[in-house]
Amino acid sequence: MALMAACIGASAQGPAGEPPSEQPVRTLRDTPLTQSADGRQTLKYLVSCALPAGARVRHANGGDAVVLQGDLGLAPAWLDRGLDAAEELAVSACIFARTNHFARTVRISLRSDRPSAPAGLRADAPEQAAFDRFEAAFFGNLFAAQPRAYVCGPTLDVGQRNARERWLASHSRVCSLVIGQHAGRDITACGFIHVGECVAPNLTQEGIDHASSAIGVFLPAADGPGLDRMP
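Trainee: Lay out the sheet that holds strand 12 (residues 215–219) in plain terms, naming residues and giving numbers.
Mentor: With mixed pairing, the 7 strands of this open sheet are ordered in space as 4-12-5-6-9-8-7. The strands lining the two open edges of the sheet, one partner per strand, are strand 4 (109–111) and strand 7 (178–182). The mean angle between the axes of side-by-side strands here comes to 35°, regardless of whether they run parallel or antiparallel. Judged from the 5 bridges that link them, strand 5 (residues 133–141) and strand 12 form a sheet pairing that is antiparallel. Bridging across to strand 12, A137 finds its partner in G216. The strands touched by helix 2 (residues 85–98) are strand 4, strand 5, strand 6 (148–153) and strand 12; relative to strand 5, the strand with the most contacts, the crossing angle is about 135°. Across the sheet, helix 4 (residues 158–170) is in contact with strand 5 and strand 12; its angle to strand 5 comes to roughly 80°.

Trainee: Outline the pattern of salt bridges, supporting the account with residue identities and numerical values.
Mentor: Scanning the model with the defined rule gives 6 salt bridges in all. Here R133 and D132 are joined by a salt bridge, their closest N and O atoms 3.0 Å apart. Of the charged contacts in the structure, one is a salt bridge between R148 and E206, with a shortest N-O distance of 2.9 Å. Taken as a pair, R148 in strand 6 and E206 in the loop between strand 10 (204–205) and strand 11 (208–209) lie far apart in primary sequence, 58 residues in all. Taking relative accessible area as the criterion, R148 reaches 29% and is therefore assigned partly exposed. Connected through shared salt-bridge partners, R81, D84 and E87 make up one network.

Trainee: Can you lay out the confidence of the model for the protein chain for me, pointing to particular residues and giving the numbers?
Mentor: The predicted model of the protein chain has a mean per-residue pLDDT of 83, with 84% of residues at 70 or higher. Looking across the protein chain, the model is least confident in strand 2 (residues 56–61), with a mean pLDDT of 78, and most confident in strand 10, with 97. Confidence drops under a pLDDT of 50 for residues 225–231, and excluding neighbours within four residues, the segment shows 24 contacts in the predicted structure.

Trainee: Summarise helix 2; cite the residues concerned and give the values.
Mentor: An α-helical turn contains 3.6 residues, so any two residues separated by three or four positions project in the same direction. An ideal rise of 1.5 Å per residue puts 20 Å on 14 residues; helix 2 measures up with 20 Å between its terminal C-alpha atoms. A large share of helix 2 lies buried, amounting to 11 of its 14 residues. Along helix 2, the positions that sit buried rather than exposed are E87, E88, L89, A90, V91, S92, A93, C94, I95, F96 and A97. Looking at the buried residues of helix 2, the elements they touch are helix 1 (37–50), strand 4, strand 5, strand 6, strand 11 and strand 12. Among the residues of helix 2, the N-terminal cap falls to D84, whose side-chain oxygen and the backbone nitrogen of A86 are separated by 3.2 Å.

Trainee: Run through the pairing of strand 5, naming residues and quoting values.
Mentor: Counting buried positions along strand 5 yields 9 of 9 residues, so the element is predominantly enclosed. Pairing of strand 5 with strand 6, which is carried by 5 bridges, proceeds in the antiparallel orientation. Pairing of G140 across the sheet is with A149, part of strand 6. Hairpin connection from strand 5 to strand 6: 6 residues lie between these consecutive antiparallel strands.

Rules behind the numbers
Note that residues are indexed from 1 along each chain, following the sequence as it is written. Local features in this predicted model are restricted to residues whose pLDDT is 70 or higher, and side-chain atom pairs enter the listing and the counts only when it is 80 or higher, whereas totals over whole chains, interfaces and linings include all residues. Hydrogens and water molecules were not included; the side-chain quantities draw on all heavy atoms of the structure. Strands were regarded as paired on the criterion that DSSP finds at least two bridges between them. Numbering goes from the N terminus for both helices and strands, where a helix is a DSSP run of H or I of at least four residues and a strand is a run of E of at least two. Interaxial angles span 0 to 180 degrees and are taken between N-to-C directions of axes, which are lines fitted to C-alpha atoms, for helices over the stretch in contact. We call two residues in contact when some of their heavy atoms are within 4.5 Å. Here, a salt bridge means any side-chain nitrogen of Lys or Arg that lies within 4 Å of a carboxyl oxygen of Asp or Glu. Accessibility here uses a 1.4 Å probe with only protein chains present; expressed as a share of the type maximum, an area under 20% marks a residue as buried, one over 50% as exposed, and anything in between as partly exposed. Values of pLDDT, which run from 0 to 100, indicate the predictor's confidence residue by residue. Helix span, as expected, comes to 1.5 Å for every residue beyond the first. For this analysis, a polar contact is any N or O atom pair within 3.5 Å, provided that within protein one partner can donate a hydrogen and the other can accept it, and provided that sequence-adjacent residues contribute only side-chain to side-chain pairs.

See below:
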C-alpha cells in the first residue's frame, strides 16, 4: 500500500469561476486505487482522514469526475507532499478505526487524548454524552511494505468479555473481536492483530510506539459493557 503515500498532485488548479471562499479542488495523480470499487472506497476514507474539512480532491471514475472531501485533518500537508512517518501512523489508525467487516455504515466517535490531536478527534461534551461506550483503540501502518493493523481493548473479566462480544456484534462492529490465532497472535474478524488491553506496553509493536497515533472508537450511548473513556 506504499503507493498511497503521495498520490495528490500539487500543481492542479481549481476550476475557473470557483467561489473564492472555497479551497481549490486538487487533482489526484494516477493511482491504482481509482481502478476498483474497493480502491475508490479506500481512497475516500484516506482523503477524509488525512485532509481537513474544506479540502477537496478529485479523480476520474470512467468519464466522470469524483470529488472527495477532507474531514479530520490528520495530515493536511498531504496536499503538497508525501506523508511523513508520523502522518502514516495517524492516517492508518483512522482507516483501521473506521473499517467495518460488513461494509455497513455505523455511527462512531473517533477520539484521541493527545494535546496535539486535531479538532476532529477532540469530542465536545454533547458528543461524549452521545457516544459514551469505548469499543477499542486502533493503530498500525497501512503504508508499510508489510502493512500492520493492531487493536487493543478495555480491561474486562470473562463475563464482561462475553457480553461485550454480543454487544459489539449487535452493532456490526467486530474488528476488535478475536476469532482465532495466527503465528501465535490473536487475530480479529478483520484480520487485525489484537494486542490485549490498551496499556502502554501493548502500544509498542515491532519497535514502534503507537501511543501518540492510536485512535479510540466510541459507540452510541446504550446499555452495553463498555467504558466511558480510553484507558
